[in-house]
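# Topology and contacts: notes
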Amino acid sequence: MKKISLVFSAIMSIVLVSCSVGGIDGRDGFDGRDGIDGRDGIDGQDGINILGKVVDIEGDFTLENEYRFFYEFNENDIEVFETDVVLVYILWGQVDGSDGNPIDIWRLVPQTRLLDQGILQYNFEHTFVDVDVFLEADFDLGTLLPADTDNQVFRIAVLPADGTGKSSVDRSDIKAVMASLGIDEKDVKKVKLN
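Residues numbered from 1 in each chain as written. Predicted model: local features only at pLDDT ≥ 70, side-chain atom pairs only at ≥ 80, totals over all residues. Heavy atoms only, no water.

### Considering the layout of surface pockets
Under the convention used in this document: Buriedness of a pocket was judged along seven lines, with at least five required to meet protein on both sides within 12 Å; pockets are open sets of points on a 1 Å grid over the protein atoms alone, cavities are sets where a 1.4 Å probe fits but cannot get out, and lining residues have an atom within 4 Å of a point. Grid points are joined across faces, edges and corners, and a volume is the space filled by probe spheres set on the points. Numbering of helices and strands runs from the N terminus; a helix is a DSSP stretch of H or I covering at least four residues, while a strand is a stretch of E covering at least two. Each residue gets one label: Ala, Val, Leu, Ile, Met, Phe, Trp, Tyr, Cys and Pro are nonpolar, Asp, Glu, Lys and Arg are charged, and the others, such as Gly, are polar.
Approximately 200 Å³ is the volume attributed to the largest pocket. Considering the residues around the largest pocket, the lining is formed by I90, L91, W92, G93, R113, Y122, A147, D148, N151, Q152 and V153. With 4 residues, the single largest contributor to the lining of the largest pocket is strand β3 (residues 85-96). Residues of the lining of the largest pocket, tallied by class, amount to 6 nonpolar, 3 polar and 2 charged.

### Some thoughts on the pairing of β3
The condition that has to hold: Following DSSP output, two strands are said to pair if at least two bridges run between them.
Bridging between β3 and strand β8 (residues 152-159) involves 6 bridges; their strand directions are antiparallel. Residue pairing across strands places V88 opposite I156, the latter belonging to β8. Direction of pairing for β3 relative to strand β4 (residues 102-108): antiparallel, over a ladder of 7 bridges. Looking at β4, one finds that L91 is bridged to W106.

### A look at the sheet that holds strand β2 (residues 68-72)
The criterion, for reference: Axis lines are fitted to C-alpha atoms, over the contacting stretch for helices. Their N-to-C directions set the angle, which ranges from 0 to 180 degrees.
Taken in spatial order, the 4 strands make up an open sheet running β2-β7-β6-β5, and their pairing is antiparallel. Each edge of the open sheet is held by one strand with a lone partner, namely β2 and β5 (111-114). This sheet shows a mean twist of 15 degrees between the axes of neighbouring strands, independent of strand direction. Both strand β6 (residues 119-126) and strand β7 (residues 130-137) contribute to a ladder of 7 bridges, which runs antiparallel. Looking across to β7, one finds that Q121 is bridged to E136.

### Side note on unusual backbone geometry
What counts, and what does not: Summary of the burial criterion: residues with accessible area below 20% of their type's maximum are buried, those above 50% are exposed, and those between are partly exposed, where the area comes from a 1.4 Å probe applied to protein chains only.
The step from V109 to P110 runs through a cis peptide bond, and the omega angle for that step is 15 degrees. Of note, E66 is a non-glycine position whose phi angle comes to about 60 degrees, a positive value. Tracing the sequence through the fold places E66 in the loop between β1 (53-59) and β2. In this structure E66 comes out as exposed when scored by relative accessible area, which is 58%. Not every positive phi belongs to a glycine, and Y67 is a case in point at roughly 55 degrees. Looking at the secondary structure, you find Y67 in the loop between β1 and β2.

Here's what the structure looks like:
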């Protein structure tokens, strides 16, 4: 019986020592050699742009276009999802910068003007397919001066639903919106409508 107990104790001792973490002296074993790098795979098709996008559209509000114009989001430019945020800004004016170059003044739409004829509002609505920019007034829009209707520039900013368009961004400030999207002025696409 003593021999069985002695053999059993010896086996248990070997098992316990071999199962300890890091071996007997606490050191890990040596790392193996790195394998050979594999070949690169075939490039896939380009995906869609889920990043934010900023586009300037310019057009004239006329009786023929019912004092509105549309900009359709093109799949080649950007795909807009129903959960994305679409903002529209109007180029309200320009001031001279310290270097003599003009600085654009942008205002978030809707914007209201009080005119001699009454109240004029630049407004918009959108879907994930297009943006509709239009004039609303409590008077005949045909009485507007060309300064209020011709060569109007709007900046459309699409903030993706993936979190890039964080709620902490001051959406009334186009520069802050563009900075949050990582877009510079040179990256803004210009589109002439009509």
